Amino acid sequence: MSIIRTENVSYEYRFYSGDESEPQTKKALHDLSFEIEPGQFLAILGHNGSGKSTLARHLNALLVPTEGTVWVDGKDTSDDYEVLNIRQSAGMIFQNPDNQIVASVVEEDVGFGLENLGVPTEEIWKRVGETLERMGMSAYRDSSPNRLSGGQKQRVAIAGVIAMKPKCIIMDEATAMLDPNGRAEVLRAAHELNREEGITIILITHYMEEAVDADMVFLMDKGEIIMQGTPKEIFSRAGEIRELKLDVPAVTRLACELKEAGLDIPDGILTSEELSAAIEKAAPPAGKNAE
Ligand code: ADP
């Protein structure tokens, strides 16, 4: 069974601006149908305003579709009785680490969600210890979250989510406010949880590089998924991506420039290793030609 399934999902924001009596509307998602299998690492890319956050909020019932249906772990997100179960199955990490801190001590912050679920105290401390260890944050157990770096705060937020034993974690631009080290820390943690615990990861990002190691990539534009495939399939279409005024990973961009300059380099290069092998094949060093 898919961990997430959407069928013909559309979403329209309704809002009032100025003193109009009728609400204005903005359609942010258009007829989305897709399935995500358990254990997948999915990256969702797209411009600002393309609908990524709106989609993310549908995946743990923070929003429910105006039309169509979203199922999380088989449960319909429009069913009010299932909302708590859905939020336990699909935890969410948001962009701003500071907005996610709820307690003045790290261990209390991690245990907060469990307390709300009514988990017995002994079990809470056990899980808090395990998850802090899992996220490499045990040494900060008694610290104030305010003293941590952005990357560490996000790892505490992830610990709070995994303490609830979710099947899926949705990261909505969770690396956007971090420095390069913090981004790397959080991305590494996401991959480890995916690989070692089999947790499905849905990573929403505008950093193309972060999608390179995903199993699957969705590219969104104007509320639609306009491309869907493996990173190699997606970034092989560098020309189309650039036409959408989006970037491709730096290595892919360099490979494209070398190709345009006349070197015989294949499309969809994602890593520096692939690029150096392709360059060596296209233009072997003089010594190798002679062999
Ligand atoms: P992204 O996450 O890709 O930046 P969003 O999902 O935030 O995109 O936004 C999709 C569209 O919906 C945009 O046009 C945005 O302006 C609009 N939108 C987002 N939130 C609201 C809101 N609360 N009220 C009205 N329109 C909104």
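All values reported here derive from a predicted model rather than from experimental measurement.

Draft legend 1. Quick peek at the environment of Leu263. Summarising the element assignment, Leu263 is placed in the loop between α9 (250-260) and α10 (272-282). Along the sequence, Leu263 and Ala283 sit 20 residues apart, while their C-alpha atoms lie 7.4 Å from each other. Not counting the four nearest positions on each side in its chain, Leu263 is found in contact with Leu258, Ala282 and Ala283.

Draft legend 2. A look at the sheet that holds strand β5 (residues 75-76). Pairing within the open sheet is antiparallel, and its 4 strands lie in the order β2-β1-β4-β5. Each edge of the sheet is formed by a strand with only one pairing partner; in this case those strands are β2 (24-36) and β5. Where strand β1 (residues 4-15) lies against strand β4 (residues 67-72), 5 bridges are found, and the strand directions are antiparallel. Bridge assignment links Ser10 to a residue of β4, and that residue is Glu67.

Draft legend 3. Looking closely at the site of the ligand. The environment of the ligand is made up of Tyr13, Phe15, Lys26, Ala28, His47, Asn48, Gly49, Ser50, Gly51, Lys52, Ser53 and Thr54. Take Gly49: an N or O atom from its main chain is 2.7 Å from an oxygen atom of the ligand. Residue Lys52 places a side-chain N or O atom 2.9 Å away from an oxygen atom belonging to the ligand. Relative to its unbound accessible surface of 570 Å², the ligand loses 66% to contact with the protein. When residues of the shell around the ligand are traced back to their parent elements, those giving at least two are β1, β2 and α1 (52-58).

Draft legend 4. Expanded view of the pairing of strand β8 (residues 200-204). With respect to burial, β8 is a largely interior element, 5 of its 5 residues being buried. Alternating positions in β8 separate into two faces, Thr200, Ile202 and Ile204 on one and Ile201 and Leu203 on the other, with burial throughout. Pairing of strand β3 (residues 41-46) with β8, which is carried by 4 bridges, proceeds in the parallel orientation. Its bridge partner being in β8, Leu42 is matched across the sheet by Ile202. Summarising the sheet, strand β7 (residues 168-172) and β8 pair through 5 bridges and their orientation is parallel.

Draft legend 5. Spatial organisation of the packing of aromatic side chains. By the definition in use, this model includes 2 aromatic pairs. Judged by centre distance (5.0 Å) and plane angle (75°), the ring pair of Phe34 and Phe218 falls under edge-to-face. Placement of Phe34 in strand β2 and of Phe218 in strand β9 (residues 216-221) is noted, with a sequence separation of 184 residues between them. Like Phe34, the residue Phe218 is buried in the burial classification. Taking the ring centre of Trp71 as reference, the NZ or CZ of Arg5 above it sits at 4.2 Å. One Lys or Arg, Arg183, reaches over the ring of Tyr207 and ends 3.8 Å from the middle of that ring.

Draft legend 6. Main features of the nonpolar core. Formed by 49 residues in total, the largest nonpolar core has its most connected members in Ile158, Ile169, Met171 and Phe235. The element that contributes the greatest number of residues to this core is helix α5 (residues 150-162), accounting for 6 residues. Phe235 has contacts with Leu45, Met208, Ala211, Ile241, Val248, Pro249, Thr252, Gly268 and Leu270, leaving out every residue within four places of it along the chain. Counting 27 residues, the second-largest nonpolar core is a separate cluster that includes Tyr11, Ile44, Leu59 and Met220.

Parameters and conventions
- Residues numbered from 1 in each chain as written.
- Predicted model: local features only at pLDDT ≥ 70, side-chain atom pairs only at ≥ 80, totals over all residues.
- Heavy atoms only, no water.
- Helix = DSSP H or I, 4+ residues; strand = E, 2+ residues; numbered from the N terminus.
- Contact = heavy atoms within 4.5 Å.
- Pairing = 2+ DSSP bridges.
- Near = heavy atom within 4 Å.
- Polar contact = N/O pair within 3.5 Å; in protein donor to acceptor, adjacent residues only side chain to side chain.
- Areas by Shrake-Rupley, 256 points an atom, 1.4 Å probe, with all protein chains shown as cover.
- Buried < 20%, exposed > 50% of the residue type's maximum accessible area, 1.4 Å probe, protein only.
- Phe/Tyr/Trp six-rings, centres within 6.5 Å; stacked < 30°, edge-to-face > 60°.
- Lys NZ or Arg CZ within 6 Å of the ring centre and 35° of its normal.
- Core = buried A, V, L, I, M, F, W, Y, C linked by side-chain atoms within 4.5 Å.

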